[in-house]
Amino acid sequence: MNPSIPPYDLESRAHELLPPEVYIYYAGAAGAGATLAANLAAFDRLRLRPDVLTGTIAPDLSTTVLGARLTLPVAVAPMALQGLAHPEGDMATARATGDVGTAMILATLASRSLEEVVAAPCPLWFQLYVLRDRGATRALIDRAVAAGARALVVTVDAPTSGHRRPGVLSEFILPQGTRLPNLAGLPAPTPGAPLREYFATLVDGAVTWKDVGWLRSVSPLPLVLKGILAPEDGRLAAEHGVDAVVVSNHGGRMLDGAVATLDALPAVVEATAGRLEVWMDGGVRRGGDVFKALALGARLVLVGRPVLWALATGGEVGVRTLFTDLRNELETTMIACGCAAVGDVAPRHVTEGTMIGTPRSPR
Ligand code: FNR
């Protein structure tokens with residue numbers, strides 16, 4: 001780390017402010033944390049290879065995703081329980097994202113309801129866990145459609161809460177009074193029970209490609225599958241009429257030892273060959289990371305934990321500042337690399353490098 005910069009980043013500040021159990025739930029990862037570390041290291045390993053003398057000074061950062069115009073190719077990943085970071089929770093995130101002109105994915109396990117959050121001025125995409133109760137799943141989809149959600153993002157990498165270090169993620173206990181308004185009408189969690197147990201009773205771990213066909217048939221919304229790592233699954237998604245896949249390993253929270261998402265991205269892009277949009281998440285902390293993911297073929301990049309740190313430290317203003325910083329960093333990188341538009345960012349702008357010294361500071 002540069003010795004002149006104090007290690008006073010967003011995460012450290014959030015760590016100071018959040019109750020320890022909430023910080024651990026947010027920051028935590030599966031097993032030994034190898035996947036989480038790999039996601040971050042993959043960005044560190046990749047280096048930029050700029051084009052010079054291009055005359056680029058005012059690049060266009062806007063893009064189109066699922067037909068929606070976004071001012072930058074970065075959106076908010078679905079994250080449960082944002083109300084534990086800030087009283088306004090998902091509302092603050094949605095208002096800030098709307099202000100900067102991008103989109104947010106609202107989690108099934110969000111602290112605020114679809115109907116509340118959809119009032120914010122950002123395109124809202126709804127993250128769906130397929131529930132054991134298909135009738136309740138259908139009702140949730142209908143609710144998302146009625147509320148005005150613009151896409152259904154189905155998470156496919158959570159057949160089980162995975163092997164997690166005892167006392168870290170697996171035993172997170174929902175605090176008294178936790179609201180899960182998108183699941184109103186379904187059995188509430190037992191007070192004092194771990195979130196993992198509640199998740200297991202609620203979510204269907206035995207979902208298959210047949211269910212993807214069912215989702216397609218019951219939902220008029222664009223369909224996105226989140227949690228794809230294998231190129232074959234990207235191909236299958238295209239064959240099932242899916243509109244986008246998110247190359248994701250759930251931020252290293254599910255399967256320890258899974259491939260880093262940036263490493264998995266190029267093969268999924270190649271296998272799907274433009275038949276659907278390929279998004280990615282996992283370890284994106286800076287605008288330079290966004291640039292690297294674009295260079296390897298991502299159409300959209302989702303940001304996870306940094307949004308929680310921004311929420312915890314500054315609520316709506318914090319999230320707006322985070323996105324403004326990401327925007328400025330991406331703009332600077334595009335200028336320096338000679339890219340006038342997001343579509344100009346290409347594989348030749350990155351190259352494998354050697355990791356020397358300490359990795360970059362976190363966000
Ligand atoms: C998540 N993520 C997640 N994903 C999902 O599909 N449904 C969910 O309910 C949640 N909940 C959730 C809670 C918390 C606290 C975190 C940190 C993450 C995963 C999320 O969408 C995304 O894939 C990762 O967070 C991306 O990695 P980074 O940016 O956090 O490294």
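On a predicted model such as this, the values are computed, not experimentally measured, just so you know.

What counts, and at which threshold
- Residues numbered from 1 in each chain as written.
- Predicted model: local features only at pLDDT ≥ 70, side-chain atom pairs only at ≥ 80, totals over all residues.
- Heavy atoms only, no water.
- Helix = DSSP H or I, 4+ residues; strand = E, 2+ residues; numbered from the N terminus.
- Rg over C-alpha atoms; globule rule 2.2 N^0.38 Å.
- Contact = heavy atoms within 4.5 Å.
- Buried < 20%, exposed > 50% of the residue type's maximum accessible area, 1.4 Å probe, protein only.
- Near = heavy atom within 4 Å.
- Polar contact = N/O pair within 3.5 Å; in protein donor to acceptor, adjacent residues only side chain to side chain.
- Areas by Shrake-Rupley, 256 points an atom, 1.4 Å probe, with all protein chains shown as cover.
- Nonpolar A, V, L, I, M, F, W, Y, C, P; charged D, E, K, R; others polar.
- Salt bridge = Lys/Arg side-chain N within 4 Å of Asp/Glu carboxyl O.
- pLDDT = per-residue confidence, 0-100.
- Axes fitted to C-alpha atoms, helices over the stretch in contact; angles between N-to-C directions.
- Parallel < 35°, antiparallel > 145°, perpendicular 65-115°, else oblique.
- Left-handed = near helix turned anticlockwise from the far one by under 90°.
- Expected span 1.5 Å × (residues − 1).
- Disulfide = S-S within 2.5 Å.
- Core = buried A, V, L, I, M, F, W, Y, C linked by side-chain atoms within 4.5 Å.

Caption draft 1: The arrangement of the overall build of the chain in detail. Broken down by element type, the chain carries twelve helices and twelve strands. Taken over the C-alpha trace, the chain has a radius of gyration of 19 Å; the compact-globule value for 363 residues is 21 Å, and the two agree within 12%. Dimensions of the chain, computed from C-alpha atoms along their principal axes, come out at roughly 60 × 45 × 40 Å. The long-range share in the chain, meaning contacts at least 24 apart out of those at least 6 apart in sequence, stands at 73%.

Caption draft 2: Representation of helix 11 (residues 287-295) within the structure. Of all nine residues in helix 11, nine are buried; the element is thus mostly enclosed. Buried within helix 11 are the following residues: Gly-287, Gly-288, Asp-289, Val-290, Phe-291, Lys-292, Ala-293, Leu-294 and Ala-295. Within two residues after helix 11, Gly-297 carries a phi angle of roughly 110 degrees, on the positive side.

Caption draft 3: Representation of the environment of Ala-136 in the model. In this structure, Ala-136 sits in helix 6 (residues 134-147). C-alpha of Ala-136 to C-alpha of Tyr-23: the two residues are 113 residues apart in sequence and 31 Å apart in space. When residues no more than four places from it in sequence are discounted, the contact partners of Ala-136 are Leu-131 and Leu-186.

Caption draft 4: How the structure looks around the site of the ligand. In the neighbourhood of the ligand, 22 residues make up the surrounding shell, with Pro-78, Thr-155, Asp-281, Arg-285 and Arg-305 lying closest. Between an oxygen atom of the ligand and a side-chain N or O atom of Arg-285, the distance comes to 2.7 Å. Note that an oxygen atom of the ligand is positioned 2.9 Å from one of the backbone N or O atoms of Arg-305. Here the ligand has 600 Å² of accessible area as a free molecule, and 99% of this is covered by the chains. Across the shell around the ligand, the residue classes tally to nine nonpolar, eight polar and five charged.

Caption draft 5: Region of the structure containing the pattern of salt bridges. Counted according to the given criterion, the structure contains 17 salt bridges. The salt bridge partner of Asp-263 is Arg-45, with a shortest N-O separation of 2.7 Å. Here the residue Asp-263 occupies a position in helix 10 (residues 261-272), and Arg-45 occupies one in helix 3 (residues 34-45), the gap between them amounting to 218 residues. Classification of Asp-263 by relative accessible area gives partly exposed; the value is 38%. Across the salt bridge formed by Arg-112 and Glu-116, the nearest N and O atoms sit 2.9 Å from each other. The exposure class assigned to Arg-112 is buried, which follows from its relative accessible area of 15%.

Caption draft 6: Examining the confidence of the model for the chain more closely. Looking at the chain as a whole, its pLDDT mean stands at 93, while 93% of the residues score no less than 70. Under a pLDDT of 50 for its full length, residues 1-7 has, in the predicted model, four contacts with residues more than four places off or in other chains.

Caption draft 7: Local environment of the side chain of Thr-272. With respect to the helices and strands, the residue Thr-272 is situated in helix 10. Here Thr-272 falls in the buried class, since its relative accessible area comes to 1%. Not counting chain neighbours up to four residues away, the residues in contact with Thr-272 comprise Gly-234, Arg-235 and Val-278.

Caption draft 8: Region of the structure containing the packing of helix 6 against helix 8 (residues 209-218). Contact geometry for helix 6 and helix 8: axes closest at 11 Å, N-to-C directions at 40 degrees. As summarised for this structure, helix 6 and helix 8 are arranged oblique, according to the angle between their axes. Crossing handedness for the pair helix 6 and helix 8: right-handed. Between helix 6 and helix 8, the residues in contact are Arg-134, Thr-137, Arg-138 and Ile-141 and Asp-211, Trp-214, Leu-215 and Val-218, respectively. Grouping the constituent residues of the contact of helix 6 with helix 8 by class yields four nonpolar, one polar and three charged.

Caption draft 9: Molecular detail of helix 4 (residues 89-100). Its twelve residues place the ends of helix 4 17 Å apart at the C-alpha level, agreeing with the 16 Å of an ideal helix rising 1.5 Å per residue. Most of helix 4 is tucked away, with ten of its twelve residues classed as buried. For helix 4, every residue scored as buried is listed here: Gly-89, Asp-90, Met-91, Ala-92, Thr-93, Ala-94, Ala-96, Thr-97, Gly-98 and Val-100. The secondary structure elements touched by the buried residues of helix 4 are strand 4 (74-76), strand 5 (104-106), helix 5 (114-117) and helix 12 (305-337). After helix 4 finishes, the residue Gly-101 shows a positive phi value of roughly 85 degrees.

Caption draft 10: Representation of the state of the cysteines. Enumeration over the complete set of coordinates arrives at zero disulfides. Of all cysteine sulfurs, the one in Cys-337 lies closest to Cys-339, which takes part in no disulfide; the gap is 5.8 Å. Judged by its relative accessible area of 0%, Cys-339 is buried.

Caption draft 11: Structural detail: the packing of helix 3 against helix 10. The interhelical angle for the contact between helix 3 and helix 10, taken along N-to-C directions, is 75 degrees, at an axis separation of 7 Å. Relative to helix 10, the element helix 3 is oriented roughly perpendicular. For the pair helix 3 and helix 10, contact is made by Asn-39, Ala-42, Phe-43 and Arg-45 and by Thr-261, Leu-262 and Asp-263, respectively.

Caption draft 12: How the structure looks around the nonpolar core. The biggest cluster of nonpolar side chains holds 105 residues, and the ones touching the most others in it are Phe-126, Leu-128, Val-245, Leu-262, Met-280 and Trp-309. With 13 residues, the single largest contributor to this core is helix 12. With residues near it in sequence (within four places) discarded, Leu-128 still touches Thr-108, Thr-137, Leu-140, Ile-141, Leu-152, Val-153, Val-154, Thr-155 and Leu-215. Among the nonpolar cores identified, the runner-up in size contains 15 residues, and Val-65, Trp-125, Ala-151 and Leu-302 belong to it.

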